[in-house]
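Here is how the chains run, residue by residue.
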Amino acid sequence: MRDFILKRAASLILPFIFVYGIYVILHGAVSPGGSFAGGIIVGLSFIAFSTIYGIEQGRAKLPEKVLVWTESYGTLWYGLMGLVGLVRGVPFLANKLAGVDLGTPGTLSSGGLIPLIGLGVGIRVASTIVTLFFTIMEEER
Amino acid sequence: MTTLIRANLPVLVVIAPLFVAFILPPLARRIRLVEALALLGAVLGLGGAGYLASIVLTQQENPFIYQLGGWPAPWGIELVAGSLGVFFLLVVGVSVPVLLFAQGNLAAEVGGAERVTRFYVLYLLLVGAMAGMAVTNDMFNVYVLVEVATLSCCGLVSARRYPRAAEAAFTYLILATLGSALVLGGIGLIYLITGHLNMGFAAQELSRVWLARPHVVLMAVSLIVVGFGVKAALFPLHVWLPDAHSTAPSPASAILSGLAVKGYLICLVKFLYGVFGPTLLQEFAVHRILTLLGGVGIITGSILALTQEELKRRLAYSTVAQVGYLILGFGLLNVTGLAGALFYLASHAVIKATLFLAAGAMLAATGKRNVRDLAGVGRKMPITMAAFTIGSLGLIGLPLFSGFIGKWYLLLGSWEAGLILPAVAILAGSVLCAAYLLPVIRAAYFAPAPEEDWPDPGRPQKLALLLLAAAVVILGVRPGPFLELAQKAAAELLAFY
């Protein structure tokens, strides 16, 4: 696609979409949305980028290697957050019991480990949906 | 450190394979490392299972209850490593020799390094899901694990670059998804009338409310039995199994037939006995239906296996028949029959893994699929064929091999239940089993050996076959602790009956 207006508009909007996705991921515990929805939004910003600027540009932004890494280690990150409980001598995936400060209700820190866990899930969802998109697009050619 | 591991064992046996699975993908280039890590993951799982079994068996803590995140039972997810859970965790150990067999020779069957890595990832996910099914006591958790296992299975079936495998995987995917949906519906109905997802609490509540809503309960039982029936290839719902299990790469066939199907059956047992309870089953005559389907499954599966020319397809149909034995045992509603079914589940896991791996080794060496073309293979590949023979004798149920003890207890169980037809089906199944496996062995040993050079597989493959064959014999000669565990699990499941 060689549309000047589309490209300019996208270059203005897409960074905000990306940041908004991260916001939704992190605030899953205190607001609507969550890591899955946020991950989709983040992934969508990359998908929109690749449709507007071309697959090659998108691939250059997110090479296959990066996608493989984020996809597996995003999930692993979730597991590692679960281990925090184990290390503190309480059950797997414990949050407050593990001695995490829960702060004031309604703020980001009130989720304890949840925003961090959500970050792992969000990264995984984003890279999965981008991988799916690239796979489908490359199959068509 | 040891106290830390001991205190968290039930969750560690589940997450160890999962952790390793997610470390693997970026390492795809270094295939040796991937193989070693995958084996390590499975061995860690088995080691944890053994430790857990030692804790439960010595009565230090029985059952070993673990609350995820520290949330107590009706709210949080509970992992319970009781006799049944530990028993199945030990059965999941079959994944170790199968993985050993895969070492170094998967590339020929599956393709490049990346595809091999993908295979190991899916394999470990499946092992983790199976371990989870063994210990979980939460119904929704069961559903999630069932999904993880199903999707991994589909990936394993289609791991080979082979159009028929892709087709089989697609059929399997659709039918298995249907099964998951039915299971989820059943769980939803139970949740609707009990308000609990924890199996123990749901069972308590169900025993109070089922009289008020018998139709909902009946619907839930039917959805769960049919849903898990599709996944476990219960007789009329088995159509996907022969294609899927015969076109998968050999280690995948071994794990799918040996283990994956059993995971769903363990979940079914947990639902039937742990949630609905024997009294309810009897009320709705579910046990009669199970026995009937099991018996018909034994006979039909065996006859269908008899008509197959291709060795792996013959083994796949035989799995349908063996699932029949297990389902039949679940329906007998007495401790002997249920213990027999559970022991048979373990013995079939080992036996079918042996048979599929041996068949895979023969296929790889000779390139011949059909039984007829494998004449004389016994002289060329002595170790492979010896393992195949031991597995076959075990499956037929000769004394001194593990299949015998399971079948014997199933026979005693049907005698105890006062049923003649199941006993006839069990015996007829054995005879038919001999009819479809013995010709393979006869042709392999007594036909003249062909000119071609068919070598035995490499060292890890031989070791895997020998380990599995040894397990078949050991379980048959000294079933001791394993049988004890099965009996204890059966007694606990039928405790309130």
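Going by the structure above, here's the rest.
Overview of the structure. The shown structure was predicted, so the numbers you read here are calculated from the model rather than taken from an experiment.

**Description of the overall build of chain A**
Helix and strand content of chain A: five helices and zero strands. The helix and strand sequence of chain A, counted from the amino end, reads α-α-α-α-α. With the principal axes as the frame, chain A shows a C-alpha extent of 55 × 30 × 20 Å. Taken over 141 residues, chain A has a buried fraction of 36%. Of all intrachain contacts in chain A linking residues separated by at least 6 positions in sequence, the fraction that spans at least 24 positions is 62%.

**Things to note about the overall build of chain B**
Counting its secondary structure elements, chain B contains 22 helices and two strands. Taken over the C-alpha trace, chain B has a radius of gyration of 21 Å; the compact-globule value for 497 residues is 23 Å, and the two agree within 12%. With the C-alpha coordinates of chain B rotated into their principal frame, the extents come out at 70 × 55 × 45 Å. Scored against the burial criterion, the 497 residues of chain B give a buried share of 61%. Pairs at least 24 residues apart make up 80% of the contacts formed inside chain B by residues separated by at least 6 positions.

**Re the pairing of strand 1 (residues 64-67) of chain B**
All names here are of chain B. In strand 1, alternate side chains face the same way, and those of F64 and Y66 are buried while those of I65 and Q67 on the opposite face are not. In terms of strand pairing, strand 1 meets strand 2 (residues 78-81) through four bridges, oriented antiparallel. Paired with F64 across the bridge in strand 2 is A81.

**Details of the packing of helix 19 (residues 402-416) of chain B against helix 21 (residues 459-477) of chain B**
All names here are of chain B. Look at helix 19 against helix 21: their axes get within 6 Å of each other, and the N-to-C directions meet at 45°. Judged by the angle between their axes, helix 19 and helix 21 are oblique. Each of S402, F404 and I405 in helix 19 lies in contact with helix 21, whose residues at this interface are V472, L475 and G476. In terms of residue class, the contact of helix 19 with helix 21 is built from four nonpolar, two polar and no charged.

**A look at the interface of chain A and chain B**
Taken together, the 15 residues of chain A in the interface contact 15 residues of chain B. Tallied by class, the residues present in the side of chain A that touches chain B amount to ten nonpolar, four polar and one charged.

**Some thoughts on the nonpolar core**
Ranked by internal contacts, the top residues of the largest apolar core, which has 231 residues, are B:V92, B:Y123, B:L126, B:L156, B:V157 and B:L357. When residues no more than four places from it in sequence are discounted, the contact partners of B:Y123 are B:A38, B:L99, B:L156 and B:I255.

**A look at the environment of A:G39**
All names here are of chain A. As for its placement among the helices and strands, G39 is situated in helix 2 (residues 35-53). The exposure class of G39 is buried, given the 27 C-beta atoms found within 10 Å. Taking the C-alpha atoms as reference points, G39 and F18, separated by 21 residues in sequence, lie 9.5 Å from one another. Those residues in contact with G39 that sit more than four places away from it in its chain are I25, V121, G122, I123, R124, V125 and A126.

**Quick notes on the packing of helix 5 (residues 95-102) of chain B against helix 13 (residues 250-283) of chain B**
All names here are of chain B. Interaxial distance between helix 5 and helix 13 falls to 9 Å at its minimum, and their mutual angle equals 170°. Overall, the two elements helix 5 and helix 13 adopt an arrangement that is roughly antiparallel. Judged by residue contacts, S95, V98, F101 and A102 of helix 5 engage P251, A254, I255 and L259 from helix 13. For the contact of helix 5 with helix 13, the class distribution of residues is seven nonpolar, one polar and no charged.

**Things to note about the environment of B:E492**
Residue and element names in this part refer to chain B. Note that E492 resides in helix 22 (residues 480-493). With 17 C-beta atoms packed within 10 Å, E492 lands in the partly exposed category. With 219 residues separating them in the primary sequence, E492 and Y273 have C-alpha atoms 9.4 Å apart. The contact partners of E492, leaving out residues within four places of it in the chain, are G82 and S83.

**With respect to helix 4 (residues 64-87) of chain A**
Quick reminder: α-helices carry 3.6 residues per turn. Residues three or four places apart thus point the same way. Between its first and last C-alpha, helix 4 of chain A extends 34 Å over 24 residues, near the 34 Å set by a 1.5 Å rise per residue. Turning to helix 4 of chain A, its buried residues are A:T70, A:E71, A:S72, A:G74, A:T75, A:Y78, A:G82, A:V84, A:G85 and A:L86.

**Comments concerning helix 20 (residues 421-446) of chain B**
All names here are of chain B. The terminal C-alpha atoms of helix 20, which comprises 26 residues, lie 37 Å apart, in line with the 38 Å expected from a rise of 1.5 Å per residue. At L437, helix 20 shows its strongest bend, of approximately 30°, with the proline P439 following within four residues. Restricting attention to buried positions, one finds in helix 20 the residues P422, A425, I426, G429, S430, L432, C433, Y436, L437, V440 and A444. In the core, the buried residues of helix 20 are packed alongside helix 14 (286-306), helix 15 (311-331), helix 17 (377-380), helix 18 (382-396) and helix 19.

Criteria and thresholds
- As a convention, each chain's residues are numbered from 1 in the sequence order in which they are written.
- Each chain gets a letter, beginning with A, and each ligand a number, beginning with 1, in the order they are written.
- Side-chain atom pairs in this predicted model are given and counted only at pLDDT of 80 or more, local residue features only at pLDDT of at least 70, and totals for whole chains, interfaces and linings cover all residues.
- Here a strand is any run of E in DSSP of at least two residues, a helix any run of H or I of at least four, and the numbering for each starts at the N terminus.
- The burial label depends on the number of other C-beta atoms within 10 Å of a residue's C-beta. Counts of 20 or more mean buried, 12 or fewer mean exposed, and intermediate counts mean partly exposed, with C-beta atoms placed from the backbone.
- Here, residues touch in the contact sense if the C-beta positions derived from the backbone fall within 7 Å of one another.
- We take the radius of gyration over the C-alpha atoms and set the globule estimate at 2.2 Å times the residue count to the 0.38 power.
- Here a strand pair is declared whenever DSSP counts at least two bridges between the two strands.
- To obtain each axis, a line is fitted to C-alpha atoms, and for helices this fit is confined to the stretch in contact; angles are then taken between N-to-C directions over 0 to 180 degrees.
- Any angle that falls under 35 degrees is termed roughly parallel, while one over 145 is termed roughly antiparallel, one within 65 to 115 roughly perpendicular, and all others oblique.
- Asp, Glu, Lys and Arg are counted as charged, while Ala, Val, Leu, Ile, Met, Phe, Trp, Tyr, Cys and Pro are counted as nonpolar; the rest, among them Gly, fall into the polar class.
- Buried Ala, Val, Leu, Ile, Met, Phe, Trp, Tyr and Cys residues form a nonpolar core when they are connected through C-beta atoms within 7 Å.
- For a helix, the expected span equals 1.5 Å multiplied by the residue count minus one.
- Bend at a given residue is defined as the angle between two axes, one fitted to the seven residues that end at that position and one fitted to the seven that begin there.

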